[in-house]
Structure formats: structure tokens, C-alpha cells
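Residues per chain are reported as follows:
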Amino acid sequence: MQHNDTKEQRLLRLLTQGLLAHAEQKTASELGDRSQYIGMSDIGKGMECMRSAVAGKLGMSAVSAATDLGTLPPDDVASILGRQVILQRGHWQEHGIEKALVATGVKLVPQLEISIEHNGVPIKAHLDFILVWGGKRPAVRILELKSNERIPDSLYASYEAQLYGQVGLIKSCWADPCFSIPETDVSEATFPEAMRIMFDVELPESPNAVDIEAWVLSISMSKVKPFGPYLPDEDILEACLQTAVAIWRTAEDVRTGNLELNDIDYCRGFHPLCDWCDVNSDCPKFQAVSISSDSVCGLELEELAMLKERKADLEGCIADAEERIRQTYSLIGVQDWISTGDHRFRVTTVAGRKTLDRALVMDKLISLIGDDLRAQAVLEQCEKTGKAHDRLYVGRINKPLKSAA
Ligand code: SF4
């Protein structure tokens with residue numbers, strides 16, 4: 001059934017359709033047919049949840065450009081739009097960051113592709129940016145951009161696996177014809193050949209004489225934080241390659257009917273990946289007592305989910321307003337209270353929170369006691385475990401939607 005939309009809703013539908021179509025065209029032109037190889041993001045996902053990675057490889061997605069948005073209620077369209085903005089804003093930032101880095105004069109390659117075959121499995125890595133320096137101290141830096149609502153304290157394991165895979169492949173494939181750069185003459189070249197063609201830079205024939213590191217730039221709306229360095233590590237690269245083989249073979253088993261998706265192992269416990277997972281609607285992890293959304297309990301749960309979404313929006317608005325007021329306060333150079341209506345405001349500096357650096361305490365104890373195990377035992381005796389408490393988890397179900405075809 002087509003909906004009688006307002007003009008605003010028609011505009012949002014148009015934008016949503018455009019974002020879905022653009023995402024598919026961009027993936028096809030930059031990454032090719034993703035069903036024909038295992039990529040680094042598949043490996044990262046597979047290290048966290050094999051079921052989700054295999055479903056991704058089989059092209060199981062809750063929504064696509066073929067989804068008939070005209071039949072969906074406005075709330076569903078708004079939810080797809082919100083998700084697409086979060087998923088695609090990283091690509092928009094990528095464009096600006098590339099321009100900024102190029103403006104520094106640094107030798108930069110966007111979208112370097114590394115292509116290999118491991119135990120019969122095609123594997124490709126697409127690197128956001130490579131920075132290169134030749135000369136007496138040759139160096140290569142991989143930069144991977146991640147767009148985050150808020151800058152995390154530490155990186156997700158799936159991001160780190162991606163980085164270790166990329167930096168490991170650059171080093172292990174250095175002298176092999178595995179490197180290509182779209183829209184250039186570089187195709188199936190060794191890494192030194194590729195850099196010679198691109199920049200006329202001479203690099204050693206062996207990677208051992210090159211300083212190679214990978215970094216993640218986590219970018220929010222107003223902050224940027226680098227995470228790294230990630231260095232080539234043979235054991236971690238081998239674990240990445242084994243994961244690629246496992247995803248490929250398992251996907252093949254599901255395709256040929258030897259295995260059901262729900263027979264595949266999945267990550268346990270609360271996991272941030274689950275809210276974004278395209279196959280979370282029927283995941284065995286959430287085998288649940290289903291209650292009607294019209295029942296009293298169902299209505300209450302839906303209301304809670306909605307309140308939590310509004311709370312998250314509100315917290316974002318409060319953080320923005322606080323930041324704005326803090327900046328204005330420092331610009332006008334006031335030290336005192338500002339009164340307005342029923343409220344007064346003042347910006348003060350409060351002392352930082354004191355925390356105990358566990359690793360440092362351990363080092364000090366070892367140097368005092370002179371015995372690792374006793375130091376560990378002393379530390380454990382001083383630890384307190386808080387009382388267990390209930391946690392209410394609310395997650396969105398990404399239901400597969402109808403396609404237009
Ligand atoms: S919902 Fe969570 S556990 Fe289930 S497949 Fe997706 S990521 Fe894995």
C-alpha cells in the first residue's frame with residue numbers, strides 16, 4: 001500500500017532512496033563484486049561473529065536499493081534514513097580528509113587494493129589512505145578512517161583486526177604483484193613498483209628496511225583521535241587469513257545447503273555489533289518469548305525503546321548546548337555567575353577524577369616485593385567486586401523489508 005505522505009515525508013523518502021542507491025553504486029565501483037572475495041571488514045566482523053560475517057557474504061541485508069520505500073510507513077523510512085546517514089557519513093568525511101592531507105604536500109594514495117589468494121580463497125584489502133616517504137628513512141603509514149558518534153576510549157576488536165590485516169598484508173606482499181590503484185596505471189604491481197609509478201619514489205625491495213605502521217583516525221562531529229600504531233605481526237595476520245578461509249568455506253556450505261545460517265556460531269553476551277546486524281531479526285541468540293506489540297507489556301516495552309531513543313537525542317542536544325555556552329563564556333571573558341530568568345550559570349574548572357593505574361601499581365608492587373606472583377596475589381586481595389545488578393537491554397530488530405522487484 002502506498003502512503004499519503006506530506007511534502008516533508010516525500011522529501012525524506014527521496015533522500016533515503018538516493019542514499020541506498022548511491023551506497024550500492026559506490027560499493028560496486030570501488031569494491032567490485034563483494035561476493036567474489038573476502039575483505040578486511042568481513043574478517044573483522046568474522047572475528048567477532050561468524051554468523052553475521054557469513055550472512056554478509058551471502059548478501060543477506062535487511063534493506064537495499066531495491067526495497068520498495070513507497071510501501072513503508074514514514075517511521076520505518078526515517079529509521080532507514082538514520083542508519084544510512086550513520087553508515088555513509090564516513091565516506092563524506094573521507095573526501096574532506098583526503099583534500100586536507102593532499103594540501104600538506106604529502107605523497108598520498110587513496111583506495112590502494114591488495115589482492116591475494118590464500119588456500120584457494122580470494123582475499124582483498126582496500127586501504128583508505130597510504131602515506132609514503134622515500135629517501136634514507138623510508139616509511140609507509142596506513143590511515144583508516146572511522147566515523148564515530150562519540151570518540152571511543154578504545155577501538156572495537158573488529159577495527160583492530162582490519163588494521164592488523166592491512167599492515168600485515170603490505171609487509172608480506174611487498175615484493176609480490178598484488179597491488180592496484182584504481183584510475184591509475186598501477187595494476188598488479190609490487191609495492192615499490194606502485195610507488196615508483198605514482199610518485200617516482202624509490203623504496204627498498206625488502207620491507208624490513210621500511211618503517212611501516214597503521215593508524216586509525218576516529219572522527220566525530222567535533223573531535224579527531226588517532227589510535228595506533230599497529231605494526232605488522234605474522235601471527236595476527238595468519239589468524240586473519242584463517243578467519244577469511246573459515247568465512248568463505250562456511251558461506252559455501254550455506255549456499256550449497258549443507259548448513260543453515262542458524263547452525264553457525266555467533267557472538268555471546270551483549271555486543272554492539274548486534275544492533276547493526278542485518279540478520280538480527282532471527283538470530284538464535286535472541287530466541288525469545290514473543291509478545292504482541294499491541295499487548296500492555298508490548299506497548300510498555302515499545303514505549304521504553306522510544307523513550308531511550310529520545311533520551312539519546314536529548315543527551316546529544318544537551319552536550320551541544322553545553323559546548324556552545326562554554327565557548328561563549330570563555331569568549332566574553334566572564335569569571336562570575338551569569339543570571340537569566342530563573343537560572344544562573346557559571347563555568348568552573350573542577351579537578352580531574354582520580355583513578356588507579358592498575359599496570360603501574362603492579363609494576364611498583366613487583367619492584368617492592370620482587371616476585372610477580374606474590375605481587376599479583378596482593379593486588380587481587382585488594383580488589384573489590386561490586387554487587388551484581390540487573391541490566392535491561394533494548395536493541396532494534398532489523399526486519400527484512402520488501403523489495404520493489
Ligand atoms: S545478531 Fe549479534 S549474535 Fe546474532 S548474528 Fe548478528 S551480530 Fe551475531
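These figures come from a predicted structure and were not determined experimentally. (Residues numbered from 1 in each chain as written. Predicted model: local features only at pLDDT ≥ 70, side-chain atom pairs only at ≥ 80, totals over all residues. Heavy atoms only, no water.)

**Q** Could you clarify how one ought to interpret unusual backbone geometry in this entry?
**A** Where the residue is not glycine, phi is negative for most of them; where a peptide bond is considered, it is trans in most cases. With an omega dihedral of 0°, the bond running from G228 to P229 counts as a cis peptide bond. Inspection of the secondary structure assignment puts P229 in strand β7 (residues 224-230). Phi at E183 takes a positive value of approximately 60°, unusual for a residue other than glycine. In this fold, E183 is placed in the loop between β5 (179-180) and α6 (191-199). The exposure class assigned to E183 is exposed, which follows from its relative accessible area of 87%. Backbone geometry at E188 places phi at a positive 50°, although glycine is not the residue there. Position of E188 among the secondary structure elements: in the loop between β5 and α6. Assessed through its relative accessible area of 60%, E188 is described here as exposed. (Helix = DSSP H or I, 4+ residues; strand = E, 2+ residues; numbered from the N terminus. Buried < 20%, exposed > 50% of the residue type's maximum accessible area, 1.4 Å probe, protein only.)

**Q** I would appreciate a short explanation of the site of the ligand in the present structure.
**A** With respect to spatial proximity, the complete set of residues near the ligand consists of C49, R51, S52, Y266, C267, C274, C277, N280, C283, K285 and F286. Judged by the fraction of its atoms near the pocket grid, the ligand is located in the largest cavity. A breakdown of the residues in the shell around the ligand according to their chemical character gives 7 nonpolar, 2 polar and 2 charged. (Near = heavy atom within 4 Å. 1 Å grid on protein atoms, 1.4 Å probe; cavity = no way out; pocket = protein on both sides within 12 Å on 5 of 7 lines; lining within 4 Å. Sits in = over half its atoms within 2 Å of the grid points. Nonpolar A, V, L, I, M, F, W, Y, C, P; charged D, E, K, R; others polar.)

**Q** Explain empty space enclosed by the protein here, please?
**A** A water-sized probe rolled over the atoms picks out the places where empty space is left. As enumerated under the stated definition, the model contains 1 cavity of 30 Å³ or more in all. By volume, the largest cavity amounts to about 90 Å³. Lining the largest cavity are C49, R51, S52, Y266, C267, L273, C274, C277, N280, C283, K285 and F286. Taken together, the residues of the lining of the largest cavity break down into 8 nonpolar, 2 polar and 2 charged. (Points joined across faces, edges and corners; volume = space filled by probe spheres on them.)

**Q** How do you make sense of the packing of helix α2 (residues 40-48) against helix α3 (residues 50-57) when you look at a structure like this?
**A** The angle between the axes and the distance between the axes are what describe a pair of packed helices. Packing of α2 against α3 brings their axes to within 6 Å, and their N-to-C directions diverge by 145°. Here α2 contributes D42, K45, G46 and E48 to the contact with α3, which in turn contributes M50, S52, A53 and K57. Considering only residue class, the contact of α2 with α3 consists of 2 nonpolar, 2 polar and 4 charged. (Axes fitted to C-alpha atoms, helices over the stretch in contact; angles between N-to-C directions. Contact = heavy atoms within 4.5 Å.)

**Q** Which parts of the structure should I look at to understand the pattern of salt bridges?
**A** Pairing of side chains with opposite charge becomes possible as their charged atoms draw close. The tally for this structure, following the rule as stated, stands at 17 salt bridges. Note that D282 and R51 form a salt bridge whose closest N and O atoms lie 3.1 Å from each other. With D282 in the loop between α8 (272-276) and α9 (296-332) and R51 in helix α3, this pair connects stretches of sequence that are 231 residues apart. Take D282: its relative accessible area is 40%, and that puts it in the partly exposed class. Under the relative-accessibility criterion, R51 is labelled buried at 1%. One salt bridge in this structure joins R196 and E202, with 3.2 Å as the shortest N-O distance. Here E202 falls in the partly exposed class, since its relative accessible area comes to 49%. (Salt bridge = Lys/Arg side-chain N within 4 Å of Asp/Glu carboxyl O.)

**Q** Would you mind showing me how to read α9 here?
**A** Given 3.6 residues per helical turn, the α-helix brings residues three or four places apart onto the same face. For α9, with 37 residues, the first-to-last C-alpha span of 53 Å sits near the 54 Å given by 1.5 Å per residue. Positive backbone phi, at 70°, marks G333, one or two positions downstream of α9. (Expected span 1.5 Å × (residues − 1).)

**Q** Can you walk me through the layout of surface pockets in this structure?
**A** Volume-wise, the second largest pocket comes out at about 440 Å³. Along its surface, the second largest pocket is lined by 13 residues, and K26, E30, E98, P110 and Q111 are the ones closest to its centre. For the lining of the second largest pocket, the secondary structure elements donating two or more residues are α1 (7-31), α4 (74-103) and β2 (107-118). In terms of residues, the lining of the second largest pocket owes the most to one element, α4, which gives 5 residues. Residues that form the lining of the second largest pocket fall into these classes: 3 nonpolar, 4 polar and 6 charged. Two domains share the lining of the second largest pocket, each providing at least three of its residues, namely domain 1 (7-91 + 243-281) and domain 2 (99-241). (Domains from an automatic or database assignment.)

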